[in-house]
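# Structural overview for review
The residues making up each chain are set out below.
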Amino acid sequence: MPEATIESVLQEGRVFHPPAELAASARIGSMEAYRALAAEAESDPEAFWGRLAREHLHWFEPFDTVLDWSQPPFATWFGGGRTNLSVNCLDRHLDGPRADKTALIWEGEPGDTRRFTYRELHAAVCRAANALRALGIGKGDLVALYMPMVPEAAIAMLACARIGAPHSVVFGGFSAEALRDRLIDGQAKLVITADGGFRKDKAVALKPAVDAALADGAAPSVEHVLVVRRTEQDCAMAEGRDLWWHELVDGQSADCPAEPMESEDRLFVLYTSGSTGKPKGVVHTTAGYNLWAHLTFQWIFDIREDDVHWCTADVGWITGHSYIVYGPLSNGATTVMYEGAPRPSKPGAFWEVIQKHRVSIFYTAPTAIRAFMKSGREVPDQYDMGTLRILGTVGEPINPEAWMWYRDVIGGDRCPVVDTWWQTETGGVMISPLPGATPTKPGSCTLPLPGIAADIVDLEGRSQPADAGGYLAVRRPWPGMMRTVHGDPERFRKSYWEHIRPADGSWLYFAGDGARRDADGYFWVMGRVDDVINVSGHRLGTMEIESALVSHPAVAEAAVVGRPDELKGEGIVAFVTLEAGRSGDDALMAELRGHVGQEIGPIARPDVIRFSDALPKTRSGKIMRRILRALAAGEEVSGDTSTLEDRSVLDQLRV
Ligand code: 6R9
């Protein structure tokens, strides 16, 4: 685990208390209130979750059991119940004044804006849902979304949920190859995409990647492609297969009865990187996910009726699912969706959105905050951000300096910062301050949310003493937990539940992070301890990048590791040996970077490629990644190298 982080946090003595005015009106407005809720959960977890599920969701049919954990690690939550996520996000807000409240504010990159009230969003979702039904999509059919950040992305997600068709959103920055793998793995029946999207002042085409993914009948389960017109670029439409969204959807009825879904019906699949092999399709189900997205959003942002919430993530990631779409809408909040990003022509793009739409809750990633710090406070200082009241961060550990800058420069030293630790697998936030209750320390995600039995343990599941490093694990199931890996329950068990084996046979969830807890019980996450790297908050498996490299004809073998990067959190370093007769020059380096971009997506392109005759291996043939990590970071190789087969390779490999 990274020692530097431990050092810096040990020196961190600053504590910030919630503003009195916020605490006075907050739902959870003191540590006593937090502890009371946590104690209620602790004394009878099922009664606690059952109470919250009854109070916070609409049920067509009440559930008769809260949790069935008789076959761990496979959980059943709210068995016997029937509900629908789109009803919880839309229909239930239509009875009162919320019907005409703004549900979604969308800001396009070129500056075009669209707004939907709850009533309008409901109608748009119903039309889309009827269009899906017209294409023969029904309960259980998987729909893939490969979309820019346009309102139709959220509308399509909600439309899928309405008719019980699980969605699989594939990040629009992924390549045709990555899309194809996901279409095949999920057996998608429909792809919803757009002609393109705007990115850094340019129209970037998306539809050609869908065509490439489907070429030569590669994904035969896909029957149709529904295309949203956004950039008005030329767009080839395959006869009989491809349809324009506006032609099919606009004429549909705005009335579409929602499918009463069983609690454990699949809601969506979202692919994420693991330490081995191809990406895993993380499966989330209807009721448990809905409850967790709803509750966490309400607790963490202490949402008020007049708040304007903006989460800067892409809907292609879990953060976009839970905190642009489902959490905010389930709570009847106003959510902002932004197509663009800060760019040289508009470095203040984010601050302009905050000023223009009077954003009061802002949720972004440390990598963005570090980039803003670098360009100086002169940029944000030009904007009026007085409407902000809560700031959030997610995606990777935030260094105390960035945390302080965020609080001070963006939050005017008055907004609490909530550093939220969670994962695709957890469905929603797990460890985070509550803005009206929890005193915060820069760099710590503070305390587990009520009901979350997070702990720092060793490999036998024993709790570690204060300040000792260990594995971040969860001792009890929670409603938002992933249910399985799509098509591979064995992989679910192996990836998350078998690393930590307590002697008493109990089950602990572990998804790869190392952390410590201080004497106040505050959690300090240090980062991944497995072969996953975190580049600008995006999770990438080193194995995926290695496979992409090895698929190039010049490459014999490849090993990929992360190295610390001031802006991106981690950068990607690839060690490559070549096939006989190939030489590692700049041209090949550029070609390999391009190749990885093609296979996975631009975010996976290595920053550095180092060619050598051999990789450091043990005598049994295992690549010694510990050594490569040290070399990549420019550190001396310390620790035991006696198992290294050929010590001379070390000299060749220094970056
Ligand atoms: C939501 C999301 C999950 C991994 C996770 C951890 C890192 C996320 C963090 C954090 C420290 C935080 N991570 N939030 N590390 N502090 N507040 O990012 O999901 O893409 O699945 O990534 O991100 O390493 O294991 P996902």
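Everything numeric in this text was worked out from a predicted model, so none of it was measured.

Another aspect to go through is the environment of Asp141. For Asp141, the location among the structural elements is in the loop between helix 6 (118-134) and strand 6 (143-146). Contact partners of Asp141, with chain neighbours within four places excluded, come to Gly136, Ala165, Pro166 and Lys189. Polar side-chain contacts of Asp141 include one of 2.8 Å to the backbone nitrogen of Gly138. Polar contacts involving the side chain of Asp141 include one to the side chain of Lys189, which spans 3.3 Å.

Once that is clear, we can look at the sheet that holds strand 25 (residues 523-528). Pairing is antiparallel in the open sheet, where four strands are placed in the order 21-22-24-25. The sheet is open, and its two edges are formed by strand 21 (454-457) and strand 25, each paired on a single side. Averaged over all neighbouring strand pairs, the angle between strand axes comes to 45°, with direction disregarded. Inspection of the sheet shows strand 21 paired to strand 22 (residues 469-474) by four bridges, in the antiparallel sense. When the sheet's bridge partners are listed, Asp455 is paired in strand 22 with Ala473.

So, on to the site of the ligand. Taken together, the neighbourhood of the ligand is formed by 17 residues, with Asp419, Thr424, Asp513, Arg528 and Arg539 sitting nearest. Within the contact set of the ligand, a nitrogen atom lies 3.1 Å away from a backbone nitrogen or oxygen of Gly395. Protein chains shield 96% of the accessible area of the ligand, which is 530 Å² for the free molecule. Among the elements of the structure, helix 12 (318-330) and strand 25 are those that each provide at least two residues to the shell around the ligand. Looking at the shell around the ligand residue by residue, the class counts come to six nonpolar, six polar and five charged.

Further remarks concern the pattern of salt bridges. Pairs can form between side chains of opposite charge whenever their charged atoms are close. The full count for this structure, using the stated rule, is 45 salt bridges. We note a salt bridge from Lys207 to Asp211, for which the minimum N-O separation is 2.8 Å. In this pair, Lys207 and Asp211 both sit in helix 9 (residues 207-214), four residues apart, roughly one turn of the helix. The class of Lys207 is buried, set by a relative accessible area of 1%. In this structure Asp211 comes out as partly exposed when scored by relative accessible area, which is 23%. The salt bridge partner of Arg230 is Glu339, with a shortest N-O separation of 2.7 Å. With Arg230 in the loop between strand 11 (224-228) and strand 12 (242-244) and Glu339 in the loop between strand 17 (334-338) and helix 13 (349-357), this pair connects stretches of sequence that are 109 residues apart. For the pair Arg230 and Glu339, one class covers both residues: buried. Salt bridges here are not isolated pairs; linked through shared partners, they connect Lys207, Asp211, Arg241 and Asp242.

Our next topic: the layout of surface pockets. Regions of empty space are outlined by a rolling probe, equal in size to a water molecule, passed over the atoms. Size it by volume and the second largest pocket reaches roughly 440 Å³. As for the second largest pocket, its lining consists of 22 residues, of which Ser275, His499, Phe510, Val529 and Asp530 are closest to the centre. Residue contributions to the lining of the second largest pocket peak at four residues, all from helix 17 (residues 489-497). Of the residues belonging to the lining of the second largest pocket, the class tally is seven nonpolar, six polar and nine charged.

The next point concerns the environment of Ala365. Considering the arrangement of structural elements, one finds Ala365 in the loop between strand 18 (361-364) and helix 14 (366-375). Exposure remark for Ala365: the relative accessible area of 18% places this residue in the buried category.

It is worth spelling out the pairing of strand 2 (residues 74-79) at this point. The pairing of strand 1 (residues 65-71) with strand 2 spans four bridges and is antiparallel. In the sheet register, Gln71 faces strand 2, and the bridge partner there is Phe74. Hairpin remark: strand 1 followed by strand 2, antiparallel, with two residues in the connecting loop.

Okay, unusual backbone geometry next. Between Pro72 and Pro73 the backbone carries a cis peptide bond, its omega angle lying at 5°. Its location among the elements puts Pro73 in the loop between strand 1 and strand 2. For Phe78, which is not glycine, the phi dihedral falls at a positive 60°. Given a relative accessible area of 0%, Phe78 falls into the buried group.

The rules behind each value
- Residues numbered from 1 in each chain as written.
- Predicted model: local features only at pLDDT ≥ 70, side-chain atom pairs only at ≥ 80, totals over all residues.
- Heavy atoms only, no water.
- Helix = DSSP H or I, 4+ residues; strand = E, 2+ residues; numbered from the N terminus.
- Contact = heavy atoms within 4.5 Å.
- Polar contact = N/O pair within 3.5 Å; in protein donor to acceptor, adjacent residues only side chain to side chain.
- Pairing = 2+ DSSP bridges.
- Axes fitted to C-alpha atoms, helices over the stretch in contact; angles between N-to-C directions.
- Near = heavy atom within 4 Å.
- Areas by Shrake-Rupley, 256 points an atom, 1.4 Å probe, with all protein chains shown as cover.
- Nonpolar A, V, L, I, M, F, W, Y, C, P; charged D, E, K, R; others polar.
- Salt bridge = Lys/Arg side-chain N within 4 Å of Asp/Glu carboxyl O.
- Buried < 20%, exposed > 50% of the residue type's maximum accessible area, 1.4 Å probe, protein only.
- 1 Å grid on protein atoms, 1.4 Å probe; cavity = no way out; pocket = protein on both sides within 12 Å on 5 of 7 lines; lining within 4 Å.
- Points joined across faces, edges and corners; volume = space filled by probe spheres on them.

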